[in-house]
Amino acid sequence: MMDIDQQTVEALDWPTVLQALSEQARTAMGAREVLTLRDLGSVAEIRRTLDAVEELQLMEEEGAYVPLGDVPDVTEALAKADKGAILDKDALRQVGVALQAMQMINWRLVDSDKEIPVWQSRAEELEVHDGVRTALTEAFDDLGELSERTYPELGELRQRINGLHTRIRRTLDELVSGDELRDALQDQFITQRGERYVLPIKANFKRKDMGIVHDMSGSGQTAFIEPHQVVALNNALRIAEGELQATERRILAKLSNMVGRVAPKAVRALDAITWMDTIAARTGLAFKMQARRPEVRDGAIVHIVAGRHPILTLREVPVVANDIDLTDAQPVLVVSGPNTGGKTVALKTVGLFALMARCGLFVPADEGTRIDRFQDVVALIGDQQTVMEDHSSFSSHLLALRHMTERAAPGCLYLVDEIASGTDPQQGAALAHALLERWLEAGPRCFITTHFHRLKTLSATDDRFAIAGMQFADGKPTYRLVMGASGESHALSIAERIGLGDELVERARALMEEGERRLSDVLAKLDEEKGKAEEAARDLKQVKRDLAAQQRRLEKKEETLTRKARQIEEERAQAFVQRLNKAEKAVREVVRDLQRQPSHKKVEAAKATLAALREIQPNKPVPKPVKGGEVPTEVEPGQTVKLRKLGGRKATVISVSGNQVTVQAGAIQTKVKLKDLETVAQNAPTAKAWKPKKTSSHSSTPAAPRRTPLEDAMRHQGNTLDLRGKRVDEGIDAVEHFLDQLIMRGQDIGFILHGHGTGAMKQAVRQWLKSSPHVDRYIPANADQGGDAYTVVGVK
């Protein structure tokens, strides 16, 4: 019995889409998961998944990168620990890395001020156990070995072992360089056999009781002997190494037991990361295809606006976009037209869109596209001949149609290429007509391609049928689907175009009946005129859609800039008010001090204090001494703090918003709560005598803020744009969007990775930067920044 579902996914090239999706994943778990992507089961779950994709797009547009790739695949290690196995050092270290990375992602998402409810709901699953995470993080040093700082007994044993190695080698060096064994040595080197130090001795000396023989060379000329002088030391070394192994194993067993106790929770956290990565893969694929979110409902409507075949789009093949509709009023669409005219591509586009929508994927189409969730998608494309079952192509085709008829029901989508073809045209057309009437009664939506005239005329007598034709103009196909047109086969025109021969073509025309020939010519002319009218209408629609989309983008950008500006002003105002309050307090103290004890020295001190207070500007806080080791009640940008949940790791405060603090720890920028910080002792800088600043008598323009030189800028994920794999026009659009993002985030320096390649992208980018009003300066990156494959750009 045929597997019609497997036949469907293969006919539609669904595995190719899944492979492209897998390549967008950031973790091994996510890459595996999306290869088996299936129907999400409900419209609610599909919408939730699409919401999650939009949330990630929002985060990444605003520079909030989610480092899913930092989480290693520890599925196997957790399974072993759950069963009581002792994990090796590398496995335990990887589990620690995974738990730490998941906790960082949890903090970043839970503390985010963005509207990301779907991501935040899953982020709560990432907290496993602070004690286990901290224990694993502190258990290993930078080389991946068990830490001597955490386990001092290991340091003592390692030190003893190193000392024994040194003593043994020194003793053997003395024997090798001395006279006692000069005649007996086969060579002057020290080696090991059975983890014991030995010397290479000539075979004829082995009976002279020089020590213990551990091995012989392959030639039999050399005996590897452990001299008596180092036997005791070798014994001591083996004992110490045994103690070290036992101690390490005891520590590993303890750590493994801790992991085993939290393994179920850690597995759930890893499942949440895998889910997040499937969303990241969906987001990456949407970006690569320039896809948009479809509307998905519980009905059975297909309304595709400027849809492009997903696989051709991924391959960057020029694709003609088409509008396609299947509605309640017209549930069957009959498409006709010439061979190689694009009928099958249009059919596969509908099928792939249906599969993508029910898996929560964006589709390469314009806004307004609606693809409802179909419970059953069946595609019958190409030759279904099965030699093993002894069926001809037509018989196999009929068997498939029988299976489809048996399972036909509302909520099904049927896609049949060249229905009932491969037999007598009149009988085949009648059979196809009868099948479509039966399917109409059962309720599936149907997209049918055909050359049968009988099926092309159904829409004239039955309103439930819609008809469309593939446009053929100027002697060649345009691949444009024209709704309401009856596409002719244009067999003679195609034969003429491919050079079959003028005489043959003319003879074929002559053999056609006069009426048939005239009808064919009239229909072809009508289809061509209808196609031109449809194309003009489509172009007008597209212009309207483009204008509307541009208007929405401008409104969104304006809204974002307004919100950012308001936020920055509020933060600056808040910081300035705080500094002003401190200044007022300092003035009051100076006045009180002078009132209590007026003196010349006090007056001079007061002048110095007031001079320093004159320097206070809304964007220039007065530094103050900070006592270390305390939970701060407030922090300021630029202040160094410790992250309590990361074992006291130091970080720099970037910005403050209420109790939320953005900090930079190495390459990682994240948000934490004020209570999770610890102060680092800092002394106030020595006060310098205040001097009035010299200003030009004819200018009141303040001095420009000091900017970081481009050659000193540091490159990281948040300030870098990767253009590799893009066309030049796509690259320039991406650069313009990237500069907008830098300006909105308040960053003045960015990196553009264009690579070397042919140099076309690099030249185009630098030429564009030269004329951009947003660009202040740009240079090729130096060797420390990545070299000439990058361009460093400063924005105004």
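Our structure's up above, just so we're on the same page.
Everything numeric here is computed off the predicted structure, so don't read it as measured data.

1. Brief notes about the overall build of the protein
Thinking step 1. Assigned secondary structure in the protein consists of 22 helices and 22 strands.
Thinking step 2. Looking at the protein residue by residue over its 796 residues, the buried ones come to 43%.
Thinking step 3. Taking as baseline every contact in the protein between residues at least 6 positions apart, the subset at least 24 positions apart corresponds to 68%.
Thinking step 4. Element-wise, carbon and sulfur atoms account for 51% of the exposed surface of the protein, whose accessible area totals about 42600 Å².

2. A short note on the packing of aromatic side chains
Thinking step 1. Inspection of the entire model under this criterion finds 2 aromatic pairs.
Thinking step 2. Measuring from centroid to centroid gives 5.0 Å for Tyr414 and Trp439, while their planes differ by 75°, and the two rings are edge-to-face. You can see Tyr414 sitting in strand E10 (residues 412-416) and its partner Trp439 sitting in helix H14 (residues 425-442), a full 25 residues away along the chain.
Thinking step 3. One cation-aromatic arrangement involves Arg193 over Phe224; the distance from NZ or CZ to the ring centre is 4.0 Å.

3. Section: empty space enclosed by the protein
Vacant regions in the atomic arrangement are exposed by a probe of water-molecule size rolled over the atoms.
Thinking step 1. Going through the model one piece at a time under the given rule, you end up with 2 cavities of 30 Å³ or more.
Thinking step 2. Taken together, the residues of the lining of the second largest cavity sort by class into 4 nonpolar, no polar and 3 charged.

4. Describing the nonpolar core
One broad rule of soluble globular proteins: the nonpolar side chains tend to lie buried together.
Thinking step 1. Of all hydrophobic cores here, the largest spans 127 residues; its most connected members are Trp119 and Met276.
Thinking step 2. Element by element, the count of residues in this core is highest for helix H10 (residues 228-289), at 24 residues.
Thinking step 3. Other than its neighbours up to four places away in sequence, Trp119 contacts Ala52, Glu55, Leu56, Met59, Val66, Leu68, Leu109, Met276 and Ile279.
Thinking step 4. Val332, Cys412, Ala420 and Leu458 belong to the second-largest nonpolar core, a separate cluster that totals 26 residues.

5. Observations regarding the packing of helix H6 (residues 89-110) against helix H8 (residues 130-139)
Thinking step 1. Following both chains from N to C, one finds H6 and H8 inclined at 125°, their axes separated by 8 Å at the closest point. One way to sum up the angle between H6 and H8 is to call them oblique. Crossing angle aside, the handedness with which H6 passes H8 is left-handed. Every residue of H8 that contacts H6 at Leu92, Val95, Gly96, Leu99, Gln100, Gln103 and Trp107 is listed here: Asp130, Val132, Arg133, Leu136 and Thr137.
Thinking step 2. Across the contact of H6 with H8, the residue classes break down as 6 nonpolar, 4 polar and 2 charged.

6. Quick notes on the sheet that holds strand E9 (residues 376-380)
Thinking step 1. The strand order across the open sheet built from 6 strands is E9-E10-E11-E7-E12-E13, with neighbouring strands paired in mixed fashion. With one partner strand each, in any of the chains shown, E9 and strand E13 (476-483) form the two edges of the open sheet. Taking the axes of each pair of neighbouring strands and ignoring which way they run, one obtains an average angle of 15° across the sheet.
Thinking step 2. Inspection of the sheet shows strand E7 (residues 332-336) paired to strand E11 (residues 445-449) by 4 bridges, in the parallel sense. From the neighbouring strand, Val332 faces E11, where its bridge partner is Cys446.
Thinking step 3. Packing against the sheet, helix H13 (residues 393-407) makes contact with E9 and E10, and its axis sits at approximately 165° to E9.

7. What to know about the packing of helix H4 (residues 43-61) against H10
Thinking step 1. At a minimum axis distance of 9 Å, the contact between H4 and H10 shows a crossing angle of 70°. Looking at the two axes, H4 sits roughly perpendicular to H10. In this structure, H4 contributes Arg48, Thr49, Ala52, Val53, Leu56 and Gln57 to the contact, and H10 contributes Trp275, Ile279, Ala280, Arg282, Thr283 and Ala286.
Thinking step 2. Across the contact of H4 with H10, the residue classes break down as 7 nonpolar, 3 polar and 2 charged.

8. Description of the pattern of salt bridges
Thinking step 1. Summed over all chains, the structure comprises 41 salt bridges.
Thinking step 2. Taking the shortest distance from any N to any O, the salt bridge between Asp39 and Arg373 comes out at 2.8 Å. You can see Asp39 sitting in the loop between helix H3 (28-34) and H4 and its partner Arg373 sitting in the loop between strand E8 (370-371) and E9, a full 334 residues away along the chain.
Thinking step 3. With a relative accessible area of 14%, Arg373 lands in the buried category.
Thinking step 4. Taken together, the shared-partner salt bridges in this structure form one network comprising Lys89, Glu145, Glu148, Arg158 and Glu248.

9. Details of the sheet that holds strand E3 (residues 211-216)
Thinking step 1. Here we have 4 strands laid out as an open sheet, ordered E1-E2-E4-E3, and antiparallel in their pairing. Here the strands that pair on one side only, and so sit at the sheet edges, are strand E1 (191-193) and E3. Between one strand axis and the next, the sheet turns through 50° on average, direction left out of account.
Thinking step 2. Examined bridge by bridge, E3 and strand E4 (residues 222-227) share 5 bridges and lie antiparallel to one another. Looking at the pairing, Val213 lines up with Ile225 of E4.
Thinking step 3. Against the sheet, helix H9 (residues 152-177) contacts strand E2 (196-202) and E4, and its axis sits at roughly 10° relative to E2.
Thinking step 4. Relative to the sheet, H10 contacts E2, E3 and E4, its axis offset from that of E4 by approximately 75°.

10. Considerations on unusual backbone geometry
Thinking step 1. At Asp13, a position not held by glycine, the phi torsion is positive, near 65°.
Thinking step 2. Of note, Asp13 is situated in the loop between helix H1 (4-11) and helix H2 (14-22).
Thinking step 3. At Tyr479, a position not held by glycine, the phi torsion is positive, near 65°.
Thinking step 4. As for its position among the elements, Tyr479 is in strand E13.
Thinking step 5. Classification of Tyr479 by relative accessible area gives partly exposed; the value is 43%.

11. Structural notes on the side chain of Asn719
Thinking step 1. Tracing the backbone shows Asn719 in the loop between strand E18 (677-679) and strand E19 (720-722).
Thinking step 2. A residue is classified by how much of its surface remains accessible, and Asn719, at 4% relative accessible area, is buried.
Thinking step 3. Within the structure, the side chain of Asn719 is placed 3.2 Å from the side chain of Thr720, a separation counted as a polar contact.
Thinking step 4. Not counting the four nearest positions on each side in its chain, Asn719 is found in contact with Met714, Phe738, Gln747, Ile749, Gly750 and Phe751.

12. Description of the pairing of E4
Thinking step 1. Across the 6 residues that make up E4, a large majority, 6, are buried.
Thinking step 2. In the sheet, E2 pairs with E4 via 4 bridges, with the strands oriented antiparallel. Bridge assignment links Ile201 to a residue of E4, and that residue is Ala223.
Thinking step 3. Connecting E3 to the antiparallel partner E4 that follows it, the hairpin turn spans 5 residues, and Gly220 within it adopts a positive phi of roughly 80°.

13. Concerning H2
Thinking step 1. For H2, the full list of buried residues reads Trp14, Val17, Leu18, Ala20, Leu21 and Ser22.
Thinking step 2. Looking at the buried residues of H2, the elements they touch are H1, H3, H10, helix H11 (310-314) and helix H12 (343-358).

14. What about H13?
Thinking step 1. Its 15 residues place the ends of H13 22 Å apart at the C-alpha level, agreeing with the 21 Å of an ideal helix rising 1.5 Å per residue.
Thinking step 2. Those residues of H13 lying buried are Ser396, His397, Ala400, Leu401, His403 and Met404. Buried positions in H13, seen along its axis, are confined to an arc of 155° and lie on one side of it.
Thinking step 3. If you follow the buried residues of H13, they end up packed against H1, E9, E10 and H14.

15. Topic: the side chain of Thr450
Thinking step 1. Topologically, Thr450 is positioned in the loop between E11 and helix H15 (453-456).
Thinking step 2. What makes Thr450 buried here is its relative accessible area of 1%.
Thinking step 3. Polar contacts involving the side chain of Thr450 include one to the main-chain amide nitrogen of Phe452, which spans 2.9 Å.
Thinking step 4. In contact with Thr450, other than residues within four places in its own chain, are Val334, Val335, Ser336, Gly337, Glu418, Leu455 and Lys456.

16. Thoughts on the pairing of strand E22 (residues 790-795)
Thinking step 1. With respect to burial, E22 is a largely interior element, 6 of its 6 residues being buried.
Thinking step 2. Of the two faces of E22, the one lined by Tyr790, Val792 and Gly794 and the one lined by Thr791, Val793 and Val795 are each fully buried.
Thinking step 3. Here strand E20 (residues 749-753) runs beside E22; their pairing, made up of 5 bridges, is antiparallel. Its bridge partner being in E22, Leu753 is matched across the sheet by Tyr790.

Criteria and thresholds
- Residues numbered from 1 in each chain as written.
- Predicted model: local features only at pLDDT ≥ 70, side-chain atom pairs only at ≥ 80, totals over all residues.
- Heavy atoms only, no water.
- Helix = DSSP H or I, 4+ residues; strand = E, 2+ residues; numbered from the N terminus.
- Buried < 20%, exposed > 50% of the residue type's maximum accessible area, 1.4 Å probe, protein only.
- Contact = heavy atoms within 4.5 Å.
- Areas by Shrake-Rupley, 256 points an atom, 1.4 Å probe, with all protein chains shown as cover.
- Phe/Tyr/Trp six-rings, centres within 6.5 Å; stacked < 30°, edge-to-face > 60°.
- Lys NZ or Arg CZ within 6 Å of the ring centre and 35° of its normal.
- 1 Å grid on protein atoms, 1.4 Å probe; cavity = no way out; pocket = protein on both sides within 12 Å on 5 of 7 lines; lining within 4 Å.
- Points joined across faces, edges and corners; volume = space filled by probe spheres on them.
- Nonpolar A, V, L, I, M, F, W, Y, C, P; charged D, E, K, R; others polar.
- Core = buried A, V, L, I, M, F, W, Y, C linked by side-chain atoms within 4.5 Å.
- Axes fitted to C-alpha atoms, helices over the stretch in contact; angles between N-to-C directions.
- Parallel < 35°, antiparallel > 145°, perpendicular 65-115°, else oblique.
- Left-handed = near helix turned anticlockwise from the far one by under 90°.
- Pairing = 2+ DSSP bridges.
- Salt bridge = Lys/Arg side-chain N within 4 Å of Asp/Glu carboxyl O.
- Polar contact = N/O pair within 3.5 Å; in protein donor to acceptor, adjacent residues only side chain to side chain.
- Expected span 1.5 Å × (residues − 1).
- Arc of directions from axis to C-beta.

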